[in-house]
Every structure is written in structure tokens, then in C-alpha cells.
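# Fold and contact review
One letter stands for each residue in the lines below.
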Amino acid sequence: MSTQAQANPSGADLAISDEVMIGLTGVNKWYGQFHVLKDIDLTVLKGERIVICGPSGSGKSTLIRCINRLEEHQRGRIVVDGIELTHDLKNIEKVRREVGMVFQHFNLFPHLTVLDNLTLAPIWVKKVPKKEAEEVAMHYLKRVKIPEQAGKFPGQLSGGQQQRVAIARSLCMSPKVMLFDEPTSALDPEMIKEVLDVMIELARSGMTMICVTHEMGFARTVANRVIFMDKGEIIEQNEPEEFFNNPKSDRTKLFLSQILHH
Amino acid sequence: MALAKGAPESGAVANPATPQVIAFWRDERKRGMIAQVVVVAALLGFIWFLLRNFLIKQEMSGAPPLSLYFLQDVAGFQLSFSLIPLTLDSPIGRVIFAGALNTLIAAFFAGIIATFLGLLVGIARLSKNWLISHIAATYIEIIRNIPLLLQLVFWYGGVLTALPKPKDSISLLDVVFLNIKGLFLPKPILQEGVGLFFIAIAVAIGLAIFIARWARKRQMATGQQFPTIIVNTALIILLPAFVFVLLHDPIGWEFPEKGAFNFKGGLTVQPEMTALIVGIGISTAAYVAEIVRAGIISVSHGQSEASHALGLKSSWTLRLVVLPQALRVIIPPMISQYLNVVKNSTLAGFIGYADLFAVIGTSQNQTGRAVECVVILMVFYLTISLIISTIMNVYNKRAALIER
Ligand SMILES: Nc1ncnc2c1ncn2[C@@H]1O[C@H](COP(=O)(O)OP(=O)(O)O)[C@@H](O)[C@H]1O
Ligand SMILES: [Mg+2]
């Protein structure tokens, strides 16, 4: 665990409104014959910070990728900030503008400088003047503590720096929700903390977040809810303390014993 | 290397066997220098050997000294196809020039076919549609496994000689005709005032470039977008069309007419030329398709996903994220494909098309000026190759510059 347990606010102390941000009802998805998501019901309130964990292949990535329509669900409803995801491209575009995503392998654009990575979407999607977009970009680069790398290309940065640029790139679109898909899994141990610190700071600022991660220290620090998935189902969800100290299902116990004893 | 110059041997047990002076055959710098000297010496030696051989043979055979004056002599032979007027009295230089033009025009059109067909097949090869991708794959495999010469003979001897006789020509709207003697097209005849029409085209293109720059600048300054592609397409089509109508048909057409044995008038494309262009174009397209495919799959799926996740729509994702990265992989091997088109056109002689290589062959037979003829050939192909490489390299630099 790379995050030190923080004495001050644990996840539970941060404000959560009662406004619904994301609603999934009866969501099902198949890859051919393979049933990846089975009757997923999930409501995420504004300001919630949710950690999803579970064994590899349990459908965690698929679930959060359905929320910004990188994957299409076949049954059920997904509503993000009041917009339902259907085949309507207009809705898909609207949802994607409100939902930021950070990937395991960063996926920065290697042909653009860090600054251009950050300004691309604001200029084209939000139609912001370049100068303004650059000012916003520099603001977020400072927030992730690498303003001095603005002119470099992604290939010249370390993994931790690249992931922080990726987070800043999403933030430049002022999203209402941030999705993280194992953001620290591809990083060397000494870089995990710098990325988690940025994520913790983001959580404190009130961002609605859904993180797929096995960083249990992070979950304890910022999450207000931890969800355990297995074989395409949500098996159990609870507040972090309860979840880690008193897991109810056997599958959760087994999973926790496996990741905590490594 | 292991030996750091002047590194203090602090602490470590000094090894008395460590050589202080590196034997020259183990010193990487000296080895590099020796290799260079050897290569240059070998090259000079080889050139000297060739030159000496040539001079001795030249003296023995009593051939006249090297000179290009023979180019002014009457050729005494003609070409089956030429872009410039030739008679039996034309000087050899002019005939050779006509041959060079024949090479260039065939290579130009073959290159265009190769580019567009290759692009299409390369994208089709990546299609999710099973039938489309397998047709593309089959095409690529078949073409790449048959020698080009065989393909040319197939097009010329197999396909084009199977075309009907002139009296049964295949016709398209009674304007374009195709038969065993060739392809007959209407020939544009420029009328008075056509200059204005061309000026209109130039103005439209210039204006389009200006609009594109202005739109880009305005977007960067204010964020407002402008439908550049639609406006410019309309401009480039409508402005010249408008001028065309105002000028009352500034271009007349001479249509091919049925004569006693064949068509008269209009523009005739010889079957030899058609076979060469089609053969080389279709063959090179298979290689281009593979290059395009490799370029597109070299851009990882994560790139377009990240772009979509940021809210960029598909057309922008392709234009701003995928293509700039794919082009970097596509351009360098495309250079060698264009060079191949030019070099492969030397197979023209086998199907009776008078390209430079064939013309030079005949000239050499007629005049005995072997060395001069070979030098002309070499200078021509070298120049064309260098021009193509330079153009493509400049383009490549621009594509690469945007990236790094
Ligand atoms: N594009 C796909 N086609 C077919 N199967 C897939 C595809 N993507 C994921 N899967 C399968 O779906 C299951 C869930 O995948 P994923 O959501 O990536 O799991 P996780 O992120 O929890 O490790 C896995 O068994 C995986 O093999
Ligand atoms: Mg995953």
C-alpha cells in the first residue's frame, strides 16, 4: 500500500449531495455468448467517491467503460447527469463531455506536446480560444505539479508524470465525473504515490469519482463506498471500514485475503 | 566500454592484468576508422578497375571517343506512341526524349492508381466485414506472389487482346470506345477565352487556401469553428463552373469517330500503355495496401479511445489523432513504392510500349554508343528517383515535425 493512512478526513467526512449523478438500472452486456455484466444496478450521487475492486476479468473495466459509452450495453438503462445513453450520437457526445476518463496505460497522444494534449479537446469540443485553453491547461498542470513539462512530448516523461498529464488532460474539459481504470497498475512502485496524491487531492475538491483500483490504502482514505465485483455481478458494497473489516460474502473474504496478503 | 578513462581505482583490489593500452583490434574507435578506410579504398579500387577496363577495351576496339553529338543524328526509327510529334527524320535525342516522356506519363498514372487503389484495399483489408476483408486479403496475396512481368503479360496478352474488334467496340454513351486497338476518348480542344477558365480555377484554389488559413487562425483566437471543408469544396467547384458557363463552352471536344477500320480523331490510348499502367498500378497497389494497413494498425486502439473519451467525434479523432500518427509510419515505405513504379516501368519493352529503357535499347543497337546510352539511362533514373525522394522526404519532415 503506497498511501499512508491519513489522520484527517477519511472518505466519509466529505460532502455528498443527494443529487443523482449516474444511474444504472438492470444493465446487461454480452460479448458474443459471454455474459460480462449481469443485472448491474448502481446509483452514484454527486460528490461520491467509489472504488470498484474484484478479480481480473470480473467486468470492472467493462462496467466503467459503459458509463462513457466506450462499450455499448445491450439491456438496461444508463443515465448520466440526466442524459440517457442510447444510440443517439448527440447524447453520447454530451455524456462524454461531462465524463473524464483515465486509463491504465495513460493513452496520451505521442505526436502532441503535453500542452497540446491538454488543449486539443477544449479547442475542438468546447470551442475555446487557444490562448484561453492554454491558460486553463497550465492551471491544471500546476495542480498535478508538472507545469515545467508543458513543452515536452509524452515519450520524454516518466510513467507517473504521464499519468498525471492524463489526469490533467481530462480535467481541462471540466468534467462532472471522473472514471479511473486501474490508473496505477502500469506504474513502478515509486511513482504510484505521486499519482494517488493527485487523485486524493481531486477527491477532496469534491469531484465525483469512480475508481477501479486495488490500492486499498487509497480506498480507505478517500472512498465513501467500496464495491466488490465478481463474474460480472456486484457482490457486495459498503463503507470502506465495514467493507474491509467485516466482509459479508465468502468471495469478498477470499479476494481480500488474496490481495492483502501480498 | 568497461574501461573508463582515468577512473580512479579507489577501494577495489587493483587487477594487475588489466591492460592499460587497448590493442587496436579491440578499440572500437580505431576499428571504426579502419573499417571506413577499407571500404573507401575498396570502392576506389573497384572504380579504377572499371575505368581501366573500359579505356583498354575502348582503345582495342577503335571505337570513337565518348561524345553526345550522336544525339543530333537522324534516328531512322519511330515509336509506336509518342506525346511529341516524331518523324523518321527526327534526331535520336528527340526520340529518346519522347521515350523519357513515355516513361514519365506511364509512371505518373500507374502511381496514381497505386495510391488510391492501395488506400482503398488497405482500409478494406481492415474492414469488420468478413467478405470485404477477405477479398482484399486475397487480392494482396495473389498479386504479391506473381512476378510483375507475368502480370503485365497477362494484362496485355490475356485481357487486352481479348477485347472486341473495332466494329464491335465496347462503347460508353457513344463517347468513349474500347476495342483491341486501344481506348478512344474525346479530346479537349481549347477555345478562345479558356485562359479565364484556368485563371478561375487558380483563383478558387488560392481563395480556398486563404480561407483555410483564416479559419484556423480565427479558431485559435476565438474558438469559433468554420465549415472549411464544405465551403472550400463548393468554392472550388462553383467558381470555375460559373466562369465556364459565362464563357459559353471555352473547351470544345473532338469526339472519336468511326472510320473505315478504326476510330479517327479524339484521344487514343494504346493498349500497350493501358496494360503497363493498369498492370503496374494494380500490382503496386497491393504493396501500398499493406503499408496503409500497417500504418493504421500501428496506432493503438487506446489512442482513439482516449480521443473519444475526451468528447472528440470520430472524424476529428481520425484527423487529429489517428492520421498524424499513421502517416509517420506510412510515408517512408511509400517513397520506395513510388521509386519502384518508375523502375518497374522498364518492363514496358516486353509488352511493346516505347518507354525510355526500350528506346535506349534500340538507340544503342542503331548507333553502337553503348556507354553514352547507359549513362543517359542512369542519369535519368537517378534524377527521377532523387526528385521523388526529395519531395517525399520534405513531406515526411513536415508530418514528423508536427509530431516531434
Ligand atoms: N472486446 C472484448 N471481446 C470479448 N471479450 C472481452 C472483451 N473485452 C473484455 N472481454 C472479456 O470480458 C471480461 C471482463 O473484462 P474486463 O471488464 O476487462 O475485466 P476487468 O477489468 O475486471 O479485469 C473478461 O473475461 C474479458 O476477457
Ligand atoms: Mg480491467
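Residues numbered from 1 in each chain as written. Chains lettered and ligands numbered in written order. Predicted model: local features only at pLDDT ≥ 70, side-chain atom pairs only at ≥ 80, totals over all residues. Heavy atoms only, no water.

## Things to note about the environment of Arg369 of chain B
Residue and element names in this part refer to chain B. Keep this limit in mind: Comment: elements are numbered from the N terminus, with helices defined as DSSP H or I runs of at least four residues and strands as E runs of at least two. In this description, contact between two residues means that some pair of their heavy atoms is separated by no more than 4.5 Å. Definition of a polar contact: a pair of N or O atoms within 3.5 Å, with one able to donate and the other able to accept a hydrogen when the atoms are protein atoms, and with sequence-neighbouring residues admitted only if both atoms are side-chain atoms.
With respect to the element layout, Arg369 can be found in the loop between α10 (356–367) and α11 (370–403). Counting along the chain gives 304 residues from Arg369 to Pro65, while the straight-line C-alpha distance between them is 9.9 Å. The contact partners of Arg369, leaving out residues within four places of it in the chain, are Pro64, Pro65, Leu66, Ser67, Phe70 and Gln364. A polar contact is formed between the side chain of Arg369 and the side chain of Glu372, at a distance of 2.8 Å.

## A short note on the site of ligand 1
Residues and elements named next belong to chain A. Our working rule: Near, as used in this document, describes a residue that has one of its heavy atoms within 4 Å of the molecule or strand being considered. Per-residue and other accessible areas were derived by the Shrake-Rupley procedure at a 1.4 Å probe size, with only the shown protein chains allowed to occlude residues. Polarity classes work like this: nonpolar for Ala, Val, Leu, Ile, Met, Phe, Trp, Tyr, Cys and Pro, charged for Asp, Glu, Lys and Arg, and polar for all others, with Gly in that last group.
Taken together, Tyr31, Phe34, Val36, Pro55, Ser56, Gly57, Ser58, Gly59, Lys60, Ser61 and Thr62 make up the full set of residues near ligand 1. Ser58 places a main-chain nitrogen or oxygen 3.2 Å from an oxygen atom of ligand 1. In the complex, 58% of the free accessible area of ligand 1, which totals 560 Å², lies under the protein chains. Residue assignment for the shell around ligand 1 shows that the elements contributing at least two residues are β2 (34–45) and α1 (60–67). At three residues, the largest contribution of residues to the shell around ligand 1 is made by α1. Split into classes, the residues belonging to the shell around ligand 1 amount to four nonpolar, six polar and one charged.

## Observations concerning helix α1 (residues 28–61) of chain B
All names here are of chain B. Which entries qualify depends on this criterion: Multiply 1.5 Å by the residue count of a helix minus one, and that product is the helix's expected span.
With 34 residues, α1 should cover 50 Å at 1.5 Å per step; its first-to-last C-alpha distance of 50 Å lies within 8% of that length. Its side-chain oxygen placed 2.9 Å from the backbone nitrogen of Arg29, Asp27 serves as the N-cap of α1. Looking at the residues trailing α1, positive phi occurs at Gly62, about 70 degrees.

## Considerations on the sheet that holds strand β1 (residues 20–31) of chain A
All names here are of chain A. As a reminder of what qualifies: Any two strands with at least two DSSP-identified bridges between them are counted as paired. Between N-to-C directions, angles cover 0 to 180 degrees, with each direction set by a line fitted to C-alpha atoms, over the stretch in contact for helices.
Reading across from one edge, β2-β1-β4-β5 is the order of the four strands in this open sheet, with antiparallel pairing throughout. Since the sheet does not close on itself, it has two edges, and those belong to β2 and β5 (83–84), each with one partner. By the bridge criterion, two bridges tie strand β4 (residues 75–80) to β5 in an arrangement that is antiparallel. The partner of Val80 across the bridge, within β5, is Ile83. With respect to the sheet, α1 is in contact with β1, β2 and β4, its orientation differing from that of β1 by roughly 125 degrees.

## Examining the sheet that holds strand β2 (residues 176–179) of chain B
Residues and elements named next belong to chain B. Spatially, the four strands line up as an open sheet ordered β1-β2-β3-β8, and their pairing is antiparallel. Pairing within the sheet leaves two strands with one partner each, and these edge strands are β1 (170–172) and β8 (267–269). The sheet shows a mean angle of 15 degrees between the axes of neighbouring strands, direction not considered. Sheet topology note: the β2/strand β3 (residues 182–185) ladder contains three bridges and is antiparallel. What sits directly across from Asn179, in β3, is Gly182.

## Observations concerning the packing of aromatic side chains
Threshold: Between rings of Phe, Tyr and Trp, where Trp is taken as its six-membered ring, a pair exists when centres lie within 6.5 Å; planes separated by under 30 degrees are stacked, by over 60 edge-to-face, and by other angles tilted. The buried label goes to any residue with under 20% of its type's maximum accessible area, the exposed label to any with over 50%, and the partly exposed label to all in between, with areas taken from a 1.4 Å probe on protein chains only. Only when the NZ of Lys or the CZ of Arg is both within 6 Å of the ring centre and within 35 degrees of the ring normal is a charge said to sit over the ring.
In this structure the tally under the stated criterion is nine aromatic pairs over all chains. Between the aromatic rings of Phe243 of chain A and Phe244 of chain A, the centroid separation amounts to 5.3 Å while the plane-to-plane angle is 90 degrees, which identifies the pairing as edge-to-face. A single burial state applies to Phe243 of chain A and to Phe244 of chain A, both of which are buried. Here the aromatic rings of Phe108 of chain B and Phe109 of chain B are separated by 5.3 Å at their centres, their planes lie at 75 degrees, and the arrangement is edge-to-face. Joined through ring pairs, the aromatic side chains of Phe197, Phe198 and Phe244 of chain B make up one cluster. Between the NZ or CZ atom of Arg169 of chain A and the centre of the ring of Phe109 of chain A, over which it lies, the distance is 4.5 Å.

## Overview of a positive patch on the surface
For the record, the criterion: Two joining distances apply to patches: 9 Å for like charges and 5 Å for nonpolar side chains (Val, Leu, Ile, Met, Phe, Trp, Tyr), and every residue must have over 30% relative accessible area and no salt bridge. Salt bridges are identified by distance alone: a Lys or Arg side-chain nitrogen within 4 Å of an Asp or Glu carboxyl oxygen. Under the convention used here, Asp and Glu are negative, Lys and Arg are positive, and both His and the chain ends fall outside the count. To locate a charge, take atom NZ for lysine, CZ for arginine, CG for aspartate or CD for glutamate.
Together, Arg97, Lys126 and Lys127 of chain A together with Lys313 of chain B give the surface a local cluster of positive charge. Within the element layout of this structure, Lys127 of chain A appears in the loop between α3 (114–124) and α4 (130–143).

## Overview of the nonpolar core
Nonpolar side chains in soluble globular proteins tend to end up buried together. Quick note on the threshold: The criterion is simple. A nonpolar core is a set of buried Ala, Val, Leu, Ile, Met, Phe, Trp, Tyr and Cys residues joined through side-chain atoms within 4.5 Å.
Leu79, Leu276 and Leu356 of chain B are the most contacted members of the largest nonpolar core, which totals 55 residues. When residues of this core are traced back to their parent elements, those giving at least two are α2 (92–125), α4 (148–159), α7 (271–298), α9 (314–344), α10 and α11 of chain B. For Leu356 of chain B, the residues in contact, after removing those within four places along its chain, are Ile96, Gly99, Ala100, Thr103, Leu377, Phe380 and Tyr381 of chain B. Val36, Leu42 and Ile83 of chain A together with Leu310 of chain B belong to the second largest nonpolar core, which has 49 residues in total.

## Looking at the packing of α4 of chain B against α7 of chain B
Residues and elements named next belong to chain B. Formally: Here roughly perpendicular refers to angles of 65 to 115 degrees, roughly parallel to angles under 35, roughly antiparallel to angles over 145, and oblique to all remaining angles. Should the near helix be turned anticlockwise from the far one by less than a right angle, the crossing is left-handed, and should it be turned clockwise, the crossing is right-handed.
At a minimum axis distance of 9 Å, the contact between α4 and α7 shows a crossing angle of 135 degrees. For the element pair α4 / α7, the angle class is oblique. For the crossing formed where α4 meets α7, the hand is right-handed. On α7, the residues touching Leu148, Gln151, Leu152, Trp155 and Tyr156 of α4 are Pro271, Glu272, Ala275, Leu276, Val278, Gly279, Ile280, Ile282 and Ser283. Its residues assigned to classes, the contact of α4 with α7 shows 10 nonpolar, three polar and one charged.

## Things to note about the interface of chain A and chain B
On the side of chain B, 27 residues touch chain A, which itself brings 29 residues to the contact. Here Glu305 of chain B ties to Arg65 of chain A by a salt bridge, and the two come within 2.5 Å at their closest N and O atoms. On the surface where chain A and chain B come into contact, there are eight residue pairs in polar contact (both at pLDDT 80 or more). Looking at the side of chain A that touches chain B, the elements that each hand over two or more residues are α2 (89–98), β6 (99–102), α3, α4 and α5 (159–171) of chain A.

## Notes on the pairing of strand β9 (residues 225–230) of chain A
Sheet faces and side chains relate simply in a regular strand, where the side chains alternate between the two faces. Residue and element names in this part refer to chain A. The element β9 is largely enclosed, with a buried count of six among its six residues. Note that strand β3 (residues 49–53) and β9 share four bridges and pair parallel. Looking across to β9, one finds that Cys53 is bridged to Phe228. In this structure, β9 lies alongside strand β10 (residues 233–238), joined through five bridges in antiparallel fashion. Its bridge partner being in β10, Phe228 is matched across the sheet by Glu236. Between β9 and β10, which pair antiparallel and follow one another directly, the connecting turn spans two residues, one of which, Lys231, has a positive phi of 50 degrees.

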